[in-house]
Structure formats: structure tokens, C-alpha cells
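# Structural overview for review
Take a look at the letters that make up each chain.
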Amino acid sequence: MMLRRSLLCATLTGFAALQAQALTFTTEDYPPFNMYEEKKVVGISTEMLQEALKRAGLTASFELLPWERALNMAKTKPDTCVYSAVRTPEREKLFKWVGPLTADQITLFAASKSNITLGSINDAKKYKVGAYNGDAYGDFVEKQGVKLERVVTDTQNLPKLSSGRIDLWVAGANSGPYKAAREGLKGAIKPVLAVGDPKDSQMYLACNPGVPDDTVKKLNDAIQSIAKDGTAAKLGTKYK
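Residues numbered from 1 in each chain as written. Predicted model: local features only at pLDDT ≥ 70, side-chain atom pairs only at ≥ 80, totals over all residues. Heavy atoms only, no water.

Take the pattern of salt bridges next. What the rule picks out here adds up to 15 salt bridges. Here Glu90 and Lys143 are joined by a salt bridge, their closest N and O atoms 2.4 Å apart. Placement of Glu90 in the loop between strand S5 (80-86) and strand S6 (96-103) and of Lys143 in helix H4 (residues 136-143) is noted, with a sequence separation of 53 residues between them. A relative accessible area of 49% places Glu90 in the partly exposed class. When the shortest N-O distance is used, the salt bridge between Lys160 and Glu149 registers 3.4 Å. A residue pair is termed long-range when its members are at least 10 positions apart, and Lys160 in helix H5 (residues 157-163) and Glu149 in strand S9 (residues 148-151) qualify at 11 residues. Accessibility expressed as a relative area gives 30% for Glu149, which makes it partly exposed. A network of salt bridges, in which partner residues are shared, links Glu51, Lys54, Arg55 and Asp229. (Salt bridge = Lys/Arg side-chain N within 4 Å of Asp/Glu carboxyl O. Helix = DSSP H or I, 4+ residues; strand = E, 2+ residues; numbered from the N terminus. Buried < 20%, exposed > 50% of the residue type's maximum accessible area, 1.4 Å probe, protein only.)

Listed below in C-alpha cells is the structure:
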């Protein structure tokens, strides 16, 4: 009886440990870092995290959702993390952080035919500037005193920009052109101003405080090893 009970306890303990490692990683459509292609979530950040999970001996499912929903799930569900999330002061205490995974310089884009030139962020204050709900890059620009017109999903800004309903669009230096090309608007936009320090553009995996510290450490150690051995530079090359 004692042996059977010990075996049962060992089995339950092992099952609990396995359950603790089963994570959910939520994200948004933010190419080329995270996006949905061929019935799965792919992209540069996604490949980074898949490699990190392998090295850490952990498992996770990947879900692509509207950004605010993806972010809220990580805030409220103890086994959930969200990426590619910018590490802002407002978010700092809400999550446990893994990374940085990558960066995408905050940039103001105009339509290619536009004559707009910007010497500084202050010059953007007289224009209609588009961003989307919950976006940290938009938040950063807004804190500089620029009024924004927000939409639900970022791709809604592209037709607004091309039709002149907004003058400028807040996006990432890499993500902006990638989204435009995917929407059939390759060459239709141009960067007019890089905004902020490159560190303001770093993106992370942000985990709910309920994710164990040991799990977060394993993932951070794995991300660091990916960067040190050169694997990070090779991952996601097909999206660049």
C-alpha cells in the first residue's frame, strides 16, 4: 500500500510539473516578427521563442489575436505570456520579462507621394497621425505631444494613409514596409523620421506574474544563449 501510494504521489507530482510548464504564448499580426501563415503562427520572434522553448525544455502553444486581447490574456491568465511586447514603464510591474527578443525602430511613415519632411517629433504635431489601439510605439509618440488617430488593427492605417485621411503613420522600421508590401502597397510609403532611442523599440516576451520564476529564468537563459552562439542572427532570415 505504501509503495502504491508513493508511486501515485510521484505520478501526480510529475503531472503537476508538466502542467506548470504548459504555457500559452499570445501575439498579434506584426510581420515579419509574428504573423499567421500556412495555418500557423510564424515570424522572427516566433522562431526565437520556439528555439528558446526547445533549449529550456518547455512547451507552449501559440495564438494570434487582436493586440489588446493578446495583451489582456497575458495580464489575466497565470500560464500566459504575450509577445512581441515593448517593455514600457507602465507595463514593467504587470509582467515578468524575457528578452529582449528583437527590436524594430519606431518610425513615422508618409505616403511616397507626400512632400512632408520632419526635423524632429515636434514637427509631426501639426499633422494627422495614425496608430492602433494598445500599441506601445503609438503610446511613445503620443507622450511626445503628438495627437493620434487610433484604429483597431494596424493595417487599417495603410488605406487611410494612401487616401490622405491621415498624413503620417506610426510603425516599425521593418514592420511598416513589410505590412505595406503584404497589402499590395509595396513602395507606397516612405520613412520620414526615426523616433526615440533604439532601446525604446526593443521587444520582449511578457509573462503573467503567475508564470514561475524558474520558467522565466530558463527562457531568459535560453534567449541569451541563442544570441551568444549566433543562432539569433540566423533565425527568421526568410522573413528579412
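Moving on, we get to helix H6 (residues 175-182). Among all positions in H6, only Ser175, Gly176, Lys179 and Ala180 are buried. For H6, the angular spread of the buried residues around the axis is 130°, confining them to a single face. Where H6 is buried, its residues meet strand S7 (106-111), H5, strand S10 (168-172) and strand S11 (189-194). In the segment just after H6, Gly184 is the residue with positive phi, at about 80°. (Arc of directions from axis to C-beta. Contact = heavy atoms within 4.5 Å.)

On to the side chain of Thr24, then. When you line up the elements, Thr24 lands in strand S1 (residues 22-27). What makes Thr24 buried here is its relative accessible area of 13%. Leave out the neighbours within four places in its chain, and Thr24 touches Ser61, Glu63, Asp79, Thr80 and Cys81.

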